[in-house]
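As a plain string of letters, each chain reads:
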Amino acid sequence: MSALTADQTGRGGRPANATATTVENPPHPAVPRQPTPRGPATAEASPSTTASKEPAPSTTASEKSAPPTTDSAEPAPPTTDSAEPAPSTTTPEKPEPSTTAPEKPAPPSPITDHPAAPRPTITAVTTALAHRTTETDVFPARWTRISDTRFRFTAHWPAAHPYFGPVDDRHQDPMIVGETLRQASMVLAHAEFGAPADTHFVMWDLTVSVDPAALLLADAAEPVEFDVVCSEIRRRGRGLRSMRTTMEFRRAGRFVARGTGSTGCTPPRAYRRLRADRLNAWNTPVPLLAGIAPQAAGRSRAEDVVLAPADRPADRPGVWNLRVDTGHPVLFPRPNDHVPGMVLFEAARQAATAASGLRPFLPATLTAEFAQYAELHSPCRIETEVFDDHPGEVTVRVSGRQDGASVFTASLTSARPARVRSLS
């Protein structure tokens, strides 16, 4: 998630912000289930994947009437089908924060990694499990089960990708780490923890730490191995209500990144109740604002910019409006009734780049918390504060506000390039 396709360049996709005719993440075909694993964290037999990576089938007429499904980073909707949200609120109950630090991925296992040990079953990641429509947008490739809550993945981060492409002539995009974490979390929720195919996924928070020196384009052909620990697992009956995933990424044995995020799962009926007054938003065209200069946002293509000039540019520098392009083939692979969390996360990175003036802005740490859904038809204001208290690095705090309320907050820290002294 490698050659460009017509759909990925945008030339063969939907017109930008046109009226949608399908829904995001329609229910996927039923998949065979694996044998039920032992342990309290796996109360339901888990759906398996198929060995092939075929694109998700086209939406049928009956699927078009279903509400959109989200695989983005937003607050989790109500946790039971019977719980009705209060009429005056659209913000669902947030899971209680954990009182302990997220469990770190296990080191290589002397049992599973021993050449003489029985090899665990290897399962392929499909586009349906990762909630993507194009194979080149799926970054986790396969996984094995280490225990009821531990898994080992192999991923491929291509040197060239239509969106998660190089940020300069040396480095891959650090944002690919967060996208891989997001996809792997949904894969495990479906295939290992019994989340049905029509589950609506949301993410409350996301934290990623990266070693940019290990994200070199020269190493892109090398597969990425990452271990996953699932914790804070909460059940809804025999299904999954929410969980936290913590991942550590390595390439050729070298540490690349570490990340963690909490994922919520919402059944379709609960989602329809929560979003009852917003479900038709995905079928209404959204005005496409003119973006800021791609170079200022750290992008090479104008169509990938998610920031637009502020309505009142005289307010102060470092303020923009969110630019929503519902025809973007990567950010909006399917129509949605709200702004996907990936767009908000990218808006934070582009705002940090524009506010700091660093080219490239290579974040070593990225954190984001999401308070509520970002609606499609209301302006979302992106504001920044730049801090350079520590020598050699700059931190940018980004916030998104809509209709007077906070939508998300983020913090990104990047090293400042060393200044080269002139010898003249």
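Keep in mind it's a predicted model, so treat the numbers as computed, not measured.

Reading the values: rules and limits
- Residues numbered from 1 in each chain as written.
- Predicted model: local features only at pLDDT ≥ 70, side-chain atom pairs only at ≥ 80, totals over all residues.
- Heavy atoms only, no water.
- Helix = DSSP H or I, 4+ residues; strand = E, 2+ residues; numbered from the N terminus.
- Buried < 20%, exposed > 50% of the residue type's maximum accessible area, 1.4 Å probe, protein only.
- Contact = heavy atoms within 4.5 Å.
- Axes fitted to C-alpha atoms, helices over the stretch in contact; angles between N-to-C directions.
- Parallel < 35°, antiparallel > 145°, perpendicular 65-115°, else oblique.
- Left-handed = near helix turned anticlockwise from the far one by under 90°.
- Nonpolar A, V, L, I, M, F, W, Y, C, P; charged D, E, K, R; others polar.
- Salt bridge = Lys/Arg side-chain N within 4 Å of Asp/Glu carboxyl O.

## What about the environment of R401?
Next up, step 1: Relative to the elements of secondary structure, R401 occurs in strand β13 (residues 393-402).
Next up, step 2: Residue R401 is classed as partly exposed on the basis of its relative accessible area of 35%.
Next up, step 3: In this structure the C-alpha to C-alpha distance between R401 and P379, which are 22 residues apart in sequence, comes to 8.6 Å.
Next up, step 4: Here R401 is in contact with P379, C380, R381, S406 and V407, once residues within four sequence places are set aside.

## Some thoughts on the packing of helix α3 (residues 175-191) against helix α6 (residues 341-356)
Next up, step 1: Between α3 and α6, whose axes approach to 11 Å, the crossing angle comes to 165°. If you check the angle between α3 and α6, you find them roughly antiparallel. Once α3 is placed against α6, the crossing between them reads as right-handed. Between α3 and α6, the residues in contact are M175, E179 and R182 and M342, F345, E346 and R349, respectively.
Next up, step 2: Residues of the contact of α3 with α6, tallied by class, amount to three nonpolar, no polar and four charged.

## Here we look at unusual backbone geometry
Next up, step 1: Cis rather than trans, the peptide bond between R359 and P360 has omega equal to 0°.
Next up, step 2: Residue placement: P360 occurs in the loop between α6 and β11 (363-370).
Next up, step 3: Positive phi outside glycine occurs at H131, with the angle close to 60°.
Next up, step 4: Secondary-structure assignment places H131 in the loop between α2 (127-130) and β3 (140-145).

## Quick notes on the pattern of salt bridges
Next up, step 1: In the structure shown here, the tally under the stated rule is 21 salt bridges.
Next up, step 2: Note that D337 and R275 form a salt bridge whose closest N and O atoms lie 2.9 Å from each other. Note that D337 is positioned in the loop between β10 (319-322) and α6 and R275 in the loop between α4 (268-274) and α5 (294-297), a separation of 62 residues in sequence. In this pair, the class of D337 matches that of R275, namely buried.
Next up, step 3: R301 serves as the salt-bridge partner of D304, at 2.9 Å between the closest nitrogen and oxygen.
Next up, step 4: Where salt bridges share partners, they join D173, R299, R301, E303, D304, E346 and R349 into one cluster.

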